[in-house]
Amino acid sequence: MTPQLESRLPHVGTTIFTVMSQLANAHRAINLSQGFPDFSPPAGLIERMVHHVQHSNQQYAPMAGAPILREAIAEKVERLYGRSYHPDTEVTVTAGATQALTTAITACVRPGDEVIVFAPVYDSYAPAIELNGGKVISSTLQFPSYQPNWQEVRTLISPRTRMIILNTPHNPTGTVWSSDDMQALSDLVKDTNIILLADEVYEHMSFDGAKHLSLARYPDLAERAFVVSSFGKTYHVTGWKIAYCVAPAELMKEFRKSHQFITFCIHHPSQLALADFMRHEPEFADTLSAFYQEKRDGFRALMKETKFELLPCAGTYFQLARYTQISDESDQDFARRMTMQYGVAVIPVSAFYPEGDDHHVVRFCFAKNQSTMDAALERLLKI
Ligand code: PMP
Ligand code: GLN
């Protein structure tokens, strides 16, 4: 007899990204739901990967990551954000940003601790907090600007607040935090023991000349922060599941205590390939914002001909759109109908709210070839 198991995550179903991608595949819809590019990674990176699979070490990498990659990460972060992280003690390579985020949460959050998040919130944070016995305290970004309400955040801080998790550029809204937001955050955490966890996987995708404000730029924030980025996003290789976390040595020491027993170490040839590529083509990441801005602009121009109402998009590769001129269905129903009836899959934004708030907004991923966008538009014009 199978033992009865009381769920540790009773409110959690299958992640919306899997649900919508499966529905898209089942109905042969154009998949603009789950966030991944449909174009190739840079040829130079693939060449390095093939090289290292054929010629390099195929055994366990060092637990914290291949030294050559940790050095490349530290160099990049210092070049872009001016903070020096020591590759030996302050940089760890992880199996995707999801693992880095969950590991940072696991390292810090004890039963009864409170963790402040901003809703709409990326769907992996709350389950990771809850699995560690923590309590999710959600501050709602103000609709439709999706700006943080700092006054509200202040009221949510308590002696039990262990951590604040932020994400800029932000999935799903495409907003980016300003220097005023950073100042507000800094004022809030000053003289507290609160740890920051910055999800910066879209660090190379901010538009219209905006600089990405990494927490690594701000000494008073960086000294209490884990900063996470993902090679999957930056190099069009989401399936490689490889990312990194940087943090001051004391925090990183605790992070690694968990990391070593969650994955131990990461796919070795990918690390060597990424290190080579980062050294040989550092400009690749620097040109990514311009690359995606062109895609954003192209997609927005096409979408103007439809009945969707586009919200601003300052970063990431996601575009939000309101569909109130089309339907008053819930966003979940509408997203399903778009997929099954019209053949374009999107993400209902209510999936990112703990209470399922529904502003009749769906998310499109524009990390796609022009031909994919054109084919999608043909279908969207019929809605
Ligand atoms: N955080 C955010 C905001 C994301 O959009 C994603 C999806 N890529 C992740 C974390 C997870 O990244 P990874 O695929 O590297 O695990
Ligand atoms: N981050 C991606 C998105 O927002 C999905 C990643 C995943 O499927 N876990 O679409």
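What you are looking at is a predicted structure, and each value in this text was computed from that prediction instead of being measured.

Engineer: Could you give an account of the packing of helix α13 (residues 288-303) against helix α15 (residues 370-380), with specific residues and numbers?
Structural biologist: One can describe the packing of α13 onto α15 by two numbers: an axis separation of 10 Å at closest approach and a directional angle of 20°. Put simply, α13 runs roughly parallel to α15. Seen along the crossing, α13 lies across α15 with a hand that is right-handed. Judged by residue contacts, Lys295, Phe299, Leu302 and Met303 of α13 engage Gln370, Met373, Asp374, Leu377 and Leu380 from α15. Looking at the contact of α13 with α15 residue by residue, the classes come out as six nonpolar, one polar and two charged.

Engineer: Tell me about the site of ligand 1, and please be specific about residues and values.
Structural biologist: Around ligand 1 lies a shell of 13 residues, among which Thr98, Asp199, Tyr202, Lys233 and Lys241 are the nearest. Take Asp199: an N or O atom from its side chain is 2.6 Å from a nitrogen atom of ligand 1. Between ligand 1 and Lys241, the relevant distance is 2.6 Å, taken from an oxygen atom to a side-chain nitrogen or oxygen of the residue. In isolation ligand 1 offers 390 Å² of accessible surface; the protein chains occlude 93% of this area. At four residues, the largest contribution of residues to the shell around ligand 1 is made by helix α4 (residues 96-108). Broken down by class, the residue content of the shell around ligand 1 amounts to five nonpolar, five polar and three charged.

Engineer: Give a description of the side chain of His204 that names residues and reports values.
Structural biologist: Turning to its location among the elements, His204 is positioned in the loop between β6 (195-199) and α8 (219-222). Of the polar contacts made by the side chain of His204, one reaches the side chain of Glu203; its length is 3.3 Å. Beyond its immediate chain neighbours, meaning those up to four positions away, His204 contacts Lys76, Leu80, Thr234, Ala285, Leu288 and Ser289.

Engineer: So what's going on with the site of ligand 2? Residues and values would help.
Structural biologist: In the region of ligand 2, the neighbouring residues are Phe17, Gln34, Gly35, Tyr122, Asn171, Tyr202, Lys233, Phe318 and Arg363. In this structure, an oxygen atom belonging to ligand 2 sits 2.8 Å away from a side-chain N or O atom of Asn171. Surface burial for ligand 2 is 80%, taken as the share of its 300 Å² of free accessible area covered by protein chains. Class assignment for the residues of the shell around ligand 2 results in four nonpolar, three polar and two charged.

Engineer: Explain the packing of aromatic side chains to me, and be specific about the residues and the numbers.
Structural biologist: Two numbers describe a pair of aromatic rings. These are the distance of the centres and the angle of the planes. The final tally for this structure, using the stated rule, is 26 aromatic pairs. Ring plane angle 35° and centroid distance 5.5 Å describe the contact between Tyr235 and Phe284, whose orientation is recorded as tilted. Of this pair, Tyr235 sits in the loop between α9 (231-234) and β8 (243-246) while Phe284 sits in helix α12 (residues 283-286), and the two are 49 residues apart along the sequence. Of the two residues examined, Tyr235 and Phe284, each falls in the buried class. Residue classification places Phe284 among the buried residues on the basis of a relative accessible area of 17%. In this structure, Arg83 is placed above the aromatic ring of Tyr85, and the distance from its NZ or CZ to the ring centre is 5.3 Å. The ring of Phe318 has Arg363 lying over it, and the distance from NZ or CZ to the ring centre is 3.5 Å.

Engineer: Go over α15, please, and point to the residues and values.
Structural biologist: When α15 is considered as a whole, its buried residues turn out to be Thr372, Met373, Ala376, Leu377 and Leu380. With its buried residues spanning 135° around the axis, α15 presents them on a single face. Away from the buried face of α15 by more than 90 degrees, exposed residues Ser371 and Glu378 are located. The inward-facing, buried residues of α15 abut β1 (30-31), α13, α14 (331-342), β11 (344-345) and β13 (361-365).

Engineer: Quick rundown of the sheet that holds strand β7 (residues 225-230)? Include the residues and the values.
Structural biologist: With mixed pairing, the seven strands of this open sheet are ordered in space as β2-β8-β7-β6-β5-β3-β4. The open sheet is flanked by β2 (91-94) and β4 (135-140), the only strands paired with a single partner. Averaged over all adjacent pairs, the angle separating strand axes in this sheet is 20°, with direction ignored.

Engineer: Requested: an account of the pairing of β8, with residues and values cited.
Structural biologist: Where burial is concerned, the two faces of β8 agree: the one with Ala243 and Cys245 and the one with Tyr244 and Val246 are both buried. For β2 and β8, the ladder comprises four bridges, and the chain directions are antiparallel. What sits directly across from Thr94, in β8, is Ala243.

Engineer: Can you break down the sheet that holds strand β12 (residues 347-348) residue by residue, with the values?
Structural biologist: Spatially, β9-β10-β13-β12 is the arrangement adopted by the four strands of the open sheet, whose pairing is antiparallel. Strand pairing shows two members of the sheet lacking a second neighbour, β9 (309-310) and β12, which therefore form its edges. Sheet topology note: the β9/strand β10 (residues 318-322) ladder contains two bridges and is antiparallel. Within β10, the position partnered with Glu309 by the bridge is Arg322.

Cut-offs used in this document
Residues numbered from 1 in each chain as written. Chains lettered and ligands numbered in written order. Predicted model: local features only at pLDDT ≥ 70, side-chain atom pairs only at ≥ 80, totals over all residues. Heavy atoms only, no water. Axes fitted to C-alpha atoms, helices over the stretch in contact; angles between N-to-C directions. Helix = DSSP H or I, 4+ residues; strand = E, 2+ residues; numbered from the N terminus. Parallel < 35°, antiparallel > 145°, perpendicular 65-115°, else oblique. Left-handed = near helix turned anticlockwise from the far one by under 90°. Contact = heavy atoms within 4.5 Å. Nonpolar A, V, L, I, M, F, W, Y, C, P; charged D, E, K, R; others polar. Near = heavy atom within 4 Å. Polar contact = N/O pair within 3.5 Å; in protein donor to acceptor, adjacent residues only side chain to side chain. Areas by Shrake-Rupley, 256 points an atom, 1.4 Å probe, with all protein chains shown as cover. Phe/Tyr/Trp six-rings, centres within 6.5 Å; stacked < 30°, edge-to-face > 60°. Buried < 20%, exposed > 50% of the residue type's maximum accessible area, 1.4 Å probe, protein only. Lys NZ or Arg CZ within 6 Å of the ring centre and 35° of its normal. Arc of directions from axis to C-beta. Pairing = 2+ DSSP bridges.

Read these as layout, nothing more, since geometry by itself doesn't imply function.
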